[in-house]
Amino acid sequence: MEEEIKEALQNNEQNLAVEKINAFLEELNNISLNITVTRECGSGKSTFVNAFRGIKNGDEGAAPTGCVETTTEVTAYHHPNYPNVVLWDLPGIGTTNWHPPGFRADKYLDNVGLDKFDFFIIISATRFTENNVKLAREIQKMKKKFYFVRCKIDSDLYNEEQDFKTKFDREKTLMEIRQNCIQNLKAEGLTSPEVFLVSSFKLGKFDFPLLQKTLERQIPRHKRDALLFAMPTINSEIITKKKEVFQSSIKYHALVSAAIAAVPVPDLSFAVDLTLLLRVLKEYILELGLDKSSLERLAASSDVPYDDLRSVIKSPLAAEKITCELILKALTALAGTAVLMAAEEGSRFIPIFGIPVAMGLSFTTTYRALNHFLDVLAEDAQRVFIKALGVDTSV
């Protein structure tokens, strides 16, 4: 794709170059990821589905929760910010209207349509059963990935602590729960099972970070970015990885800017560049969790007031409403950028050499500006994350 873009630019086919670049970026943004979550009744699956998508139980679009079976048919829950990422909530194993006594995992998978799913998460709140193992074997036959997740681990620890008081050993208890789950799965004939201990209310603790890294390592490379952006920000490493993904795309945005600069129309390149920056920066702000809705959700989940989270944000771009005027002000404040912009506009009308010079200046300006703004916004995201953890960021 990159060679095709370069060839179009070298042949002065600016429209074709812009079309190819935009198609490439659109393809990256629309990679689908279909995650299936299934479990036996009462395991906290719906809470897990909601937490994975970064929303609370009871929010608009949340999976319904309750102490009785709430899922009776296959239900798709799209990520609120990334609709191409879908968590499929399947009727729990043991739901009688789906599979009465004599459960057959192969028929269960036929009913739900296995082929469209990228991987399976099999959840339990207690021990994994024979039905879980049957399901895992059928998934394995289809060469799909599956992961065992033991939910409600925070409740287990709390109950254990109440029972044993001073004798309570947190790490020993976690190890015993994990080993018990693994032994049960082995007893059912599954070799080398991996079990992740998770609290849907405290995703940053226990094994959810390990689950996230395992998924990232094992899913196809072209789907990893979709997973990364859909995952809740549970540690600062995720912010860093998101920044790296954004950085890898900056050159393509800069190439669009360069292609537009080749058109000898006064102020066209400047207007397009502002629109381009507005679109890209909105994406940065949303996906780094600096928009108002994300900050409000973080405030609710962390018990840190919204205004306190906002107080550590330094960039004026992470405002409640970003505009072209705001971007222009930030650009002129960036050392040397105003000079580059003026030089680009003037050079475009120089015979023979003017267009190539304008293209180079436009590429440099956009590339430099996006890298700078991304650095600043990523630093803000790190400060917000630290503040949400209750750590003083004033020093």
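An unreviewed UniProt entry lists the chain under the name Interferon-inducible GTPase 5-like, with Parambassis ranga given as the organism.

**Student:** Is there a simple way to think about the overall build of the chain in this case?
**Tutor:** Helices and strands together make up the secondary structure of the chain, namely 16 helices and six strands. Relative to its 395 residues, the chain shows a buried fraction of 48%. A separation of at least 24 residues holds for 68% of the contacts in the chain among residues at least 6 apart in sequence. For the chain, the accessible area works out to roughly 19500 Å², and carbon and sulfur atoms hold 53% of it.

**Student:** Whenever I open this one, helix α5 (residues 130-141) confuses me. Can you help?
**Tutor:** Quick reminder: α-helices carry 3.6 residues per turn. Residues three or four places apart thus point the same way. For α5, built from twelve residues, the straight-helix expectation of 16 Å at 1.5 Å per residue is met to within 8% by its first-to-last C-alpha distance of 17 Å. Turning to α5, its buried residues number three or more, namely Asn132, Val133, Leu135, Ala136, Glu138 and Ile139. Note on α5: the residue one or two positions beyond its end, lysine 143, has a positive phi of about 60°.

**Student:** What should I look at first to understand the pairing of strand β4 (residues 119-124) in this one?
**Tutor:** Every other side chain in a regular strand lies on the same face of the sheet, so the side chains alternate between the two faces. Most of β4 is tucked away, with six of its six residues classed as buried. What you see with β4 is no split at all: Phe119, Ile121 and Ile123 on one side and Phe120, Ile122 and Ser124 on the other are buried throughout. Pairing between β4 and strand β5 (residues 145-150): six bridges, direction parallel. By the bridge assignment for β5, phenylalanine 119 is matched with lysine 145. With α5 bridging β4 and the parallel β5, this β-α-β connection has right-handed handedness.

**Student:** How should I be thinking about the packing of aromatic side chains in this particular structure?
**Tutor:** The geometry of an aromatic ring pair is captured by the separation of the ring centres together with the interplanar angle, meaning the angle of the planes. Tallied over the full model, the rule gives 13 aromatic pairs. Their ring planes at 35° and their centres at 5.1 Å tell us that phenylalanine 229 and phenylalanine 246 sit as a pair that is tilted. Linking phenylalanine 229 in helix α9 (residues 224-230) with phenylalanine 246 in helix α10 (residues 236-261), this pair joins segments that are 17 residues apart in sequence. By relative accessible area, phenylalanine 229 is classed as buried at 10%. One aromatic cluster in this structure is built from Tyr82, Phe229, Phe246 and Tyr284.

**Student:** Would you mind showing me how to read the pattern of salt bridges here?
**Tutor:** It is possible for side chains bearing opposite charge to pair when their charged atoms get close. A full pass over the atoms with the stated rule returns twelve salt bridges. Its salt-bridge partner being lysine 45, residue aspartate 89 comes within 2.4 Å of it at the nearest N-O pair. In this pair, aspartate 89 sits in strand β3 (residues 85-89) while lysine 45 sits in helix α3 (residues 45-52), placing the two residues 44 residues apart along the sequence. Across the salt bridge formed by arginine 170 and glutamate 171, the nearest N and O atoms sit 2.9 Å from each other. A relative accessible area of 35% places arginine 170 in the partly exposed class. Note on glutamate 171: relative accessible area 51%, which makes it exposed. One connected set of salt bridges, linked through shared partners, spans Lys213, Glu216, Glu237 and Lys241.

**Student:** Mind showing me how you'd approach the side chain of glutamate 287 here?
**Tutor:** Structurally, the position occupied by glutamate 287 is in helix α11 (residues 268-287). Although glutamate 287 lies buried, it forms no salt bridge, and the closest oppositely charged side chain, lysine 242, sits 6.8 Å away as judged by the N-O distance.

**Student:** What is the right way to look at unusual backbone geometry in this model?
**Tutor:** With glycine set apart, most residues show a phi of negative sign, and most peptide bonds adopt trans. For lysine 143, which is not glycine, the phi dihedral falls at a positive 60°. Secondary-structure assignment places lysine 143 in the loop between α5 and β5. Even without glycine at this site, lysine 152 takes up a positive phi of about 60°. Looking at the secondary structure, you find lysine 152 in the loop between β5 and α6 (153-164).

**Student:** What is the right way to read the side chain of asparagine 235 from this model?
**Tutor:** By secondary structure assignment, the location of asparagine 235 is in the loop between α9 and α10. A polar contact is formed between the side chain of asparagine 235 and the backbone nitrogen of isoleucine 238, at a distance of 3.1 Å. What asparagine 235 contacts, discounting residues up to four positions off in sequence, is Pro209 and Phe385.

**Student:** Which parts of the structure should I look at to understand the environment of threonine 75?
**Tutor:** Tracing the chain through its elements places threonine 75 in strand β2 (residues 75-78). Under the relative-accessibility criterion, threonine 75 is labelled partly exposed at 23%. In this structure the C-alpha to C-alpha distance between threonine 75 and leucine 87, which are twelve residues apart in sequence, comes to 8.4 Å. Beyond its immediate sequence surroundings of up to four residues, threonine 75 is in contact with Leu87, Trp88 and Asp89.

**Student:** Help me out: how do you make sense of the pairing of β3 in this one?
**Tutor:** By the criterion of burial, β3 is predominantly enclosed, with five of the five residues buried. Of the two faces of β3, the one lined by Val85, Leu87 and Asp89 and the one lined by Val86 and Trp88 are each fully buried. For β2 and β3, the ladder comprises four bridges, and the chain directions are antiparallel. Looking across to β3, one finds that alanine 76 is bridged to tryptophan 88. Turn length for the β2-β3 hairpin, with the two strands adjacent in sequence and antiparallel, is six residues.

Rules behind the numbers
One numbering rule holds for all chains: residues counted from 1, following each sequence as written. Reporting of local features is limited, given that this is a predicted model, to residues whose pLDDT is at least 70; pairs of side-chain atoms are given and counted only at 80 or more, and all residues count toward the totals for whole chains, interfaces and linings. With hydrogens and water excluded, all non-hydrogen atoms of the structure serve as input to the side-chain values. Numbering goes from the N terminus for both helices and strands, where a helix is a DSSP run of H or I of at least four residues and a strand is a run of E of at least two. Burial here depends on accessible area, computed with a 1.4 Å probe over protein chains only, as a share of the maximum for the residue type. Under 20% is buried, over 50% is exposed, and the range in between is partly exposed. For this analysis, residues touch if any pair of their heavy atoms sits within 4.5 Å. Every accessible area reported is derived by Shrake-Rupley at a probe size of 1.4 Å, with residue values counting cover from the shown protein chains alone. Helix span, expected: 1.5 Å multiplied by one less than the number of residues in the helix. We treat two strands as partners when DSSP finds at least two bridges between them. By definition, the crossover connecting two strands over a helix is right-handed if that path, from the first strand to the second, turns clockwise as seen with the strands pointing away from the viewer. Between 30 and 60 degrees the pair is tilted, below 30 it is stacked and above 60 it is edge-to-face, where a pair is any two Phe, Tyr or Trp rings, Trp via its six-membered ring, whose centres lie within 6.5 Å. Between Lys or Arg on one side and Asp or Glu on the other, a salt bridge is scored when a side-chain nitrogen of the former is within 4 Å of a carboxyl oxygen of the latter. Counted as positive: Lys and Arg. Counted as negative: Asp and Glu, with His and the chain ends omitted from the count. Polar contact is defined as a pair of N or O atoms within 3.5 Å, subject to the rule that within protein one atom must be able to donate a hydrogen and the other to accept it, and that residues adjacent in sequence are counted only when both atoms are side-chain atoms.

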